[in-house]
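# What the coordinates show
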Amino acid sequence: MSPKIKYPNQFFFTTFGYVHVHYNSMKGKQPDQPGGVKEIARRAKVSIATVDRVIHNRTGVSAKTRARIEKIIQELNYQPNIIASRLASRKVLNLAILLPAVSTETDYWEILLAGVSQAEDEIRQMGVRIERYYYDFNDRTSFPKAARQLLKGPLDGVLLAPLFVDEATAFCAQLQEKNVPYVFINSDIPSLGSLCYVGPELFRSGYLAAHLMAYCLQPGDKILMVNMTKEIEGLHPLLRKEEGFRAYFGEKPDRIVKTDVPESNGKTIERKVAEALAADASIKAIFVTSSRVHLIAQFLESAGKKDILVMGYDFLPENVSWLQKGMIDFLICQKPQEQAYRGIMTLYQHLVLGAPVEKEHFMPIDIITRENHMYYKN
C-alpha cells in the first residue's frame, strides 16, 4: 500500500471475472433432412421458395398460406440453420462504427478498436463487413461530420460511443428513421433507445472513486477533481462520473475543488494544477475523470509533490508506468476492448441469429493498484 494512504488497514479487493461467449450449434432439421424445408413445402402444398419467404419473414405470401406454413413448422419443430444459410446466400452484412479517433493524448480508443478487430476476425467469414468512422473527442462539430459520411454507405447496424449528447441524439434519430439498430459503448444515453448498452455504469464509477478516496483521507482533506477536455459542457461520460463523485460527498461539497483543463499539453496542466494546489493547502488528493491521469502524475513528480493521492481511469501503458512508480495510487478500469467486442457481437447476434439482446450489459468496475496490475487485461 502506498505511504500516501493514511489508513493502511483498509483493503479493497475486486474479482477479475472473464466472460467467455460460447456459441451453441444450431440444432434442428436441415433442408435435406426429413422434416426440413422440402417436407414443409410438401405438406403445405407450396413451393420451397414460398417456405423460404416465411422462414425469413419476407413479403409475397398470403396471410392464410403463411399461417398454414408456420403451423407445419411448429409441428415439425423445424429450426433453420441460419449460419449455413448465410454462407450459402453470400449476403453481406454492413456494420459501421463511430468512435473517437486515436490520438497522441490517450491510447484508450486504440484499445476499443482492438475489440472491434477481434470481433471482426471471428465473424468476417459470415459475410460481415465493418466500416470505421471517427470523430475528434475534443471537437463536438466533428461528430455530425463523421455521422453524415457514415449514413452515405450501406448500413445494417451501428456501434458508437455517444460522447456528445445533442449530436448523438440527432444522429440516432436518423438511424431510427432508417430502421437501423445501434449499440452504445463506453457511455450510455438511455433516452435514445439503443438496442443495447455495453460499458460502465458511469455514475457508480464516479461514486466508487469518491468512496475509495474518502477511506484514504482525513475528514478535513480536500480533493482536486480534474477534467481534461475542450468540450466539458457536452461530454456525457465525464459529467456522469462527476455527478457520481459529488453524490457521495452529499452535504459536504466543499471537500471537492474542481478545475477544467481545456488542453492536454504539459504546460497548461502544470499551470492549472499548480494554481489549485497553491490556492488550497488542504488538497491532499487528485481525481482525474479521464484516462489522461498520467499527465498529472508526471507533473507531480517534476514538482516534487509525492505525498498526494492520485486516482484516474484506464489500464493504459502510460498509466501503468506511473502506477508502478507509485505516483498513481488507483486506476479504475472497465475493460474497453471487451466493450467493443461485445458491442459488435451483439449486433451480429441480433441481425444474423435473431438472438435476444440484453438491454444493458454493465462492465465490472475494477480497481487496479501497483500490487495487482500484472494480473489484469483489458
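### Overview of the sheet that holds strand β11 (residues 360–362)
Strand order in this open sheet of six strands is β2-β1-β3-β4-β5-β11, and the pairing throughout is parallel. Strands at the two margins of the open sheet, each flanked by one partner only, are β2 (128–135) and β11. Across the sheet, the mean angle from the axis of one strand to that of its neighbour is 15 degrees, orientation sign disregarded. Pairing analysis gives three bridges linking strand β4 (residues 182–185) to strand β5 (residues 196–199), with the strands arranged parallel. Across the sheet, Val183 pairs through a bridge with Cys196, a residue of β5. The sheet contacts of helix α6 (residues 142–152) involve β1 (93–100), β2 and β3 (157–160), and relative to β2 the element is tilted by about 155 degrees. The strands touched by helix α7 (residues 165–177) within the sheet are β1, β3 and β4, with β4 carrying the most contacts at an inclination of about 155 degrees.

### Describing the pattern of salt bridges
Should their charged atoms come close, side chains of opposite charge can pair. Using the criterion set out here, one finds 15 salt bridges in the structure. Between Asp166 and Arg140 there is a salt bridge; the shortest N-O distance is 3.9 Å. Of this pair, Asp166 sits in helix α7 while Arg140 sits in the loop between β2 and α6, and the two are 26 residues apart along the sequence. For Asp166, a relative accessible area of 55% corresponds to the exposed category. Between Glu275 and Arg271 there is a salt bridge, with its nearest N and O atoms 3.7 Å apart. With Glu275 and Arg271 both in helix α10 (residues 266–279) and four residues apart, the pair spans about one turn of that helix.

### What about empty space enclosed by the protein?
Scanning the entire structure with this criterion turns up two cavities of 30 Å³ or more. What the largest cavity holds in volume is close to 260 Å³. Elements supplying a minimum of two residues to the lining of the largest cavity: α5 (108–123) and α9 (236–249). Looking at the lining of the largest cavity element by element, the count peaks at three residues for α9.

### Let's talk about the sheet that holds strand β8 (residues 283–288)
Ordered by their spatial adjacency, six strands build an open sheet running β7-β6-β8-β9-β10-β12, and the pairing between neighbours is mixed. Each edge of the open sheet carries a strand with a single partner, namely β7 (256–261) and β12 (366–368). Averaged over all adjacent pairs, the angle separating strand axes in this sheet is 20 degrees, with direction ignored. By the bridge criterion, five bridges tie strand β6 (residues 222–228) to β8 in an arrangement that is parallel. Note that in β8 the partner of Ile223 across the bridge is Ala285. Here α9 sits on the sheet and contacts β6, β7, β8 and β9 (309–313); the angle it forms with β6, its principal contact strand, is near 170 degrees. Against the sheet, helix α11 (residues 293–302) touches β6, β8, β9 and β10 (330–333), its axis set at about 155 degrees to β9.

### Let's talk about the side chain of Glu318
As for its position among the elements, Glu318 is in helix α12 (residues 317–325). Despite its burial, Glu318 pairs with no opposite charge, the nearest such side chain being Arg292 at 8.7 Å. Once residues within four sequence positions are removed from consideration, Glu318 is found in contact with Thr106, Asp107 and His294.

Thresholds, definitions, all that
- Residues numbered from 1 in each chain as written.
- Predicted model: local features only at pLDDT ≥ 70, side-chain atom pairs only at ≥ 80, totals over all residues.
- Heavy atoms only, no water.
- Pairing = 2+ DSSP bridges.
- Helix = DSSP H or I, 4+ residues; strand = E, 2+ residues; numbered from the N terminus.
- Axes fitted to C-alpha atoms, helices over the stretch in contact; angles between N-to-C directions.
- Contact = heavy atoms within 4.5 Å.
- Salt bridge = Lys/Arg side-chain N within 4 Å of Asp/Glu carboxyl O.
- Buried < 20%, exposed > 50% of the residue type's maximum accessible area, 1.4 Å probe, protein only.
- 1 Å grid on protein atoms, 1.4 Å probe; cavity = no way out; pocket = protein on both sides within 12 Å on 5 of 7 lines; lining within 4 Å.
- Points joined across faces, edges and corners; volume = space filled by probe spheres on them.
- Lys, Arg positive; Asp, Glu negative; His and termini not counted.

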